[in-house]
Structures are given as structure tokens and as C-alpha cells.
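As a plain string of letters, each chain reads:
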Amino acid sequence: MNTSLIVNLNKHNVYYINGNKLGFYIALPNGGLESTNISIELYPDYDKLDPNNSDGVWLKDEVTRIYKEVDNYNISLIIPIFHDDSLKRTDTQMDQNLYLQLDAELSSVINSSYQMISKSNVKVENKIFLINNGSYNNFCRWFLQRYGTRIEYKSYSDLVGSPAVPTPVQQPFSNPVEAVNVNVQSQSTAPSSEQAYMGVPNPTQPVAPPPPPSNGMEFVTGNNMGTTPIIEPPTLGQMNNTPNNENVEVPQAGSAGFVSYLLLGIITVIICLGVLYIML
């Protein structure tokens, strides 16, 4: 696992964490913020932000530009960098194994990011935000359905409603990245109290997700399939529609409401026939 400091900003330090299957950029508060939220952007051309594929000078300028936009806000922005085209294939493929693989990888990134931020004595808000940038709508819809109210779909304008108010520094550690053993692929030990935030599994000895903390949610990772229903990949008719967090119920012909209207119609016809018979 390689860690690189990309840029020091006013309120955040931006690091790149490089793993075997994917890496990710993360903005860690460097002082002045008491709380933050984890926000994930599935960058449209993530391959261009891969240090192995881009010029170092251009890459640093581009990453700096992206993170400067949210530096003054309580946002710990994470940008996953996949080392293959797996995420891009979700635009045209409806392969459940592919979706579950991406789910497990993103869940591990979220778990690792939570640990890194927590080590800096900054409170991490329970809700996770998925940035709406118009990309990968099929996978975004599936991911939102899978985790329900625990993940919310928002645009940058929704997130940056007001600048962060400086608060007393709580003595963050000197080197946040070295202070935690980050593993993008999996966790090597059973969940600690901090890892319980996201329900981190132990790949060598499966551990049931702990009860949700008293002040927040439990995020079930992709490896704990028994504790959360599997959402099927979108059908062809759903492809490339804008994802949302709403579930729409379609009334069935055999429902109670439908039967009530049918009986009312029959009674009305009978009454009309009776009136006509009396009049004649």
C-alpha cells in the first residue's frame, strides 16, 4: 500500500492511497474542523487521474483544482481510481457479479477512509453522500437502492450550502496517513469500535456485523451479503436514467383498491336498473 501527499490546502491535506485493484484520493482535515462527512465522487474519466497514466504536473494541478472547490467546507471528498474499466462497463453491462465486486471495493474504501479521518479526532457524520455528476447512473442507482437511507445522492451545490465555521483544533496527529493501517482490499483483523461504523468483515474469519452504534448507522459492506438484500442490476428499461432514493410502488390489478372500485361500479349499475324499472 503506497501513500502519497498530493497537496496541502487551507483546511485539508489531499492524499493518494494506491492499492492493487484500485486507489483513491482523500481529503483529510488538517485543523479547524470539528466534524466532516464522507462524500464519494465516481469521477467520469477516473483513468486520467491515475498517477500511472498521467503527467505528474498536470495531475497535481487537476487534483488541486478539484479539491480547492470543497476545501472550505466540512467535506472529506473521496475519488476512487479503478485500475481497470470495471466501473465504466456498468454503463453497458448488467452483470451482478461486476456490481457486487464494485460494491465490495467501494465499501472497503469507505471503511478505510472512516478510520483515517477518525484518527485525526474529527467527528465523521453518519450519512455518506454520493456525488451526482451525471456519470455511471446504472451503478449509482443500484448502490443507492442497496444501502437505502444510509447513502444520499447529492450535487456539489447541495453539499456546499455554507462554508465551514472554524472550530477549536482537537490536536490531530502529526501524520494522519501513517497513523492507520489502510487496506483497500480487505481488513486483516476483526472490527474495532471504529470499524463497527461500517460493519467491516474479516475475510479470513467472517464476523457478523456488530449492532449499530447508539448515535449512528451500520454500513454493511459488500462481503456481508447475508445481512442485507441483494439488489439486482438494473433492467434494460432502467438503463442510464437518473438515479434517486425513491421507491415507486405500482398498484396491482388484484389489489384491495381495485376490487373496491369494481364493486362500487356493479352496485351503481344495479341501482340505475332498479330506478328505470320503477319509472316504467
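Residues numbered from 1 in each chain as written. Predicted model: local features only at pLDDT ≥ 70, side-chain atom pairs only at ≥ 80, totals over all residues. Heavy atoms only, no water.

Visitor: Can you help me understand the overall build of the protein chain in this one?
Guide: Helix and strand counts for the protein chain stand at five helices and eight strands. Starting at the N terminus and walking to the C terminus, you meet the elements of the protein chain as β-β-β-β-α-β-α-β-β-α-β-α-α. Taking all 280 residues of the protein chain together, 45% fall into the buried category. Look at the contacts in the protein chain between residues 6 or more apart in sequence, and 70% of them connect residues 24 or more apart. For the protein chain, the exposed surface amounts to about 14500 Å²; the carbon and sulfur share of it is 54%. (Helix = DSSP H or I, 4+ residues; strand = E, 2+ residues; numbered from the N terminus. Buried < 20%, exposed > 50% of the residue type's maximum accessible area, 1.4 Å probe, protein only. Contact = heavy atoms within 4.5 Å. Areas by Shrake-Rupley, 256 points an atom, 1.4 Å probe, with all protein chains shown as cover.)

Visitor: Which parts of the structure should I look at to understand the nonpolar core?
Guide: The nonpolar side chains of a soluble globular protein tend to be buried with one another. Of all hydrophobic cores here, the largest spans 58 residues; its most connected members are Tyr 25 and Tyr 67. Look past the residues within four positions of Tyr 67 in its chain and what remains in contact with it is Leu 9, Val 14, Tyr 25, Ile 26, Ala 27, Leu 77, Ile 78 and Ile 79. (Core = buried A, V, L, I, M, F, W, Y, C linked by side-chain atoms within 4.5 Å.)

Visitor: Would you mind showing me how to read the packing of aromatic side chains here?
Guide: How two aromatic rings sit relative to each other is set out by the distance from centre to centre and by the angle between their planes. On inspection of all chains with the given rule, the structure shows eight aromatic pairs. Where Tyr 99 meets Phe 139, the ring centres are 5.8 Å apart and the plane angle is 55°; that geometry is what we call tilted. Pair noted here: Tyr 99 is in helix H2 (residues 96–118) and Phe 139 is in helix H3 (residues 137–147), with a separation of 40 residues, a long-range link. Judged by its relative accessible area of 0%, Tyr 99 falls in the buried class. Here the aromatic residues Tyr 99, Phe 139, Trp 142, Phe 143 and Tyr 147 are joined through ring pairs into a cluster of three or more. Its end group placed over the ring of Tyr 46, Lys 88 keeps NZ or CZ at 5.2 Å from the ring centre. (Phe/Tyr/Trp six-rings, centres within 6.5 Å; stacked < 30°, edge-to-face > 60°. Lys NZ or Arg CZ within 6 Å of the ring centre and 35° of its normal.)

Visitor: Would you mind going over the pattern of salt bridges with me for this structure?
Guide: Any two side chains of opposite charge can pair, on the condition that their charged atoms come close. Scanning the model with the defined rule gives seven salt bridges in all. Salt-bridge contacts for Lys 48 lead to Asp 45; the nearest nitrogen and oxygen are separated by 3.9 Å. The closest approach of N and O atoms between Glu 152 and Lys 127, which form a salt bridge, is 3.7 Å. Within this pair, whereas Glu 152 is found in strand E8 (residues 151–154), its partner Lys 127 is found in the loop between strand E6 (123–124) and strand E7 (128–131), the two being separated by 25 residues in sequence. Members of the salt-bridge network, linked through shared partners, are Lys 127, Glu 152 and Lys 154. (Salt bridge = Lys/Arg side-chain N within 4 Å of Asp/Glu carboxyl O.)

Visitor: Help me understand the pairing of strand E2 (residues 12–18), please; the structure alone is not making it clear to me.
Guide: Note on strand geometry: in a regular strand, side chains alternate between the two faces of the sheet. Within E2, seven of the seven residues are buried, which leaves the element mostly enclosed by the surrounding structure. Burial of the side chains of E2 extends over both faces: His 12, Val 14, Tyr 16 and Asn 18 are buried on one face and Asn 13, Tyr 15 and Ile 17 on the other. Note that strand E1 (residues 2–8) and E2 share six bridges and pair antiparallel. Residue Thr 3 lies in a different strand from E2, and its bridge partner there is Ile 17. Hairpin connection from E1 to E2: three residues lie between these consecutive antiparallel strands. Between E2 and strand E3 (residues 22–29), which pair antiparallel one after the other, the connecting turn spans three residues. (Pairing = 2+ DSSP bridges.)

Visitor: Hey, could you run me through unusual backbone geometry in this one?
Guide: Peptide bonds are mostly trans, and most non-glycine residues show a negative phi. One non-glycine residue, Asn 121, adopts positive backbone phi at about 60°. Within the secondary structure, Asn 121 sits in the loop between H2 and E6.

Visitor: Please explain H2 as it appears in this structure.
Guide: Each full turn of the α-helix corresponds to 3.6 residues, which orients residues three or four apart in the same direction. In this model H2 runs 33 Å from its N-terminal to its C-terminal C-alpha over 23 residues, within 8% of the 33 Å that 1.5 Å per residue would give. Between a side-chain oxygen at the N-terminus of H2 and the backbone nitrogen of Asn 97 the separation is 3.0 Å; the capping residue is Asp 95. (Expected span 1.5 Å × (residues − 1). Polar contact = N/O pair within 3.5 Å; in protein donor to acceptor, adjacent residues only side chain to side chain.)

Visitor: It is not clear to me how the pairing of E8 should be interpreted in this structure. Could you clarify?
Guide: Residues Ile 151 and Tyr 153 line the buried face of E8, whereas the alternating positions Glu 152 and Lys 154 sit on a face that is not buried. Pairing of E7 with E8, which is carried by four bridges, proceeds in the parallel orientation. The partner of Ile 131 across the bridge, within E8, is Lys 154. Read as a crossover between parallel neighbours, the route from E7 over H3 to E8 is right-handed. (Right-handed = clockwise from strand over helix to strand, strands pointing away.)

Visitor: Can you walk me through the packing of H2 against H3 in this structure?
Guide: Two measures define how a pair of helices packs: the angle their axes make with one another and the distance between the axes. One way to put it is that H2 packs onto H3 with a least axis distance of 11 Å and a crossing angle of 65°. With respect to each other, H2 and H3 are oriented roughly perpendicular. Helix-helix and strand crossings are classified by hand; for H2 and H3 the assignment is right-handed. Contacts between H2 and H3 pair Tyr 99, Leu 100, Leu 102, Asp 103, Leu 106 and Ser 107 from the former with Asn 138, Phe 139, Trp 142, Phe 143, Arg 146 and Tyr 147 from the latter. Split by residue class, the contact of H2 with H3 holds eight nonpolar, two polar and two charged. (Axes fitted to C-alpha atoms, helices over the stretch in contact; angles between N-to-C directions. Parallel < 35°, antiparallel > 145°, perpendicular 65-115°, else oblique. Left-handed = near helix turned anticlockwise from the far one by under 90°. Nonpolar A, V, L, I, M, F, W, Y, C, P; charged D, E, K, R; others polar.)

Fair warning: the whole summary comes from geometry, so function is off the table for now.
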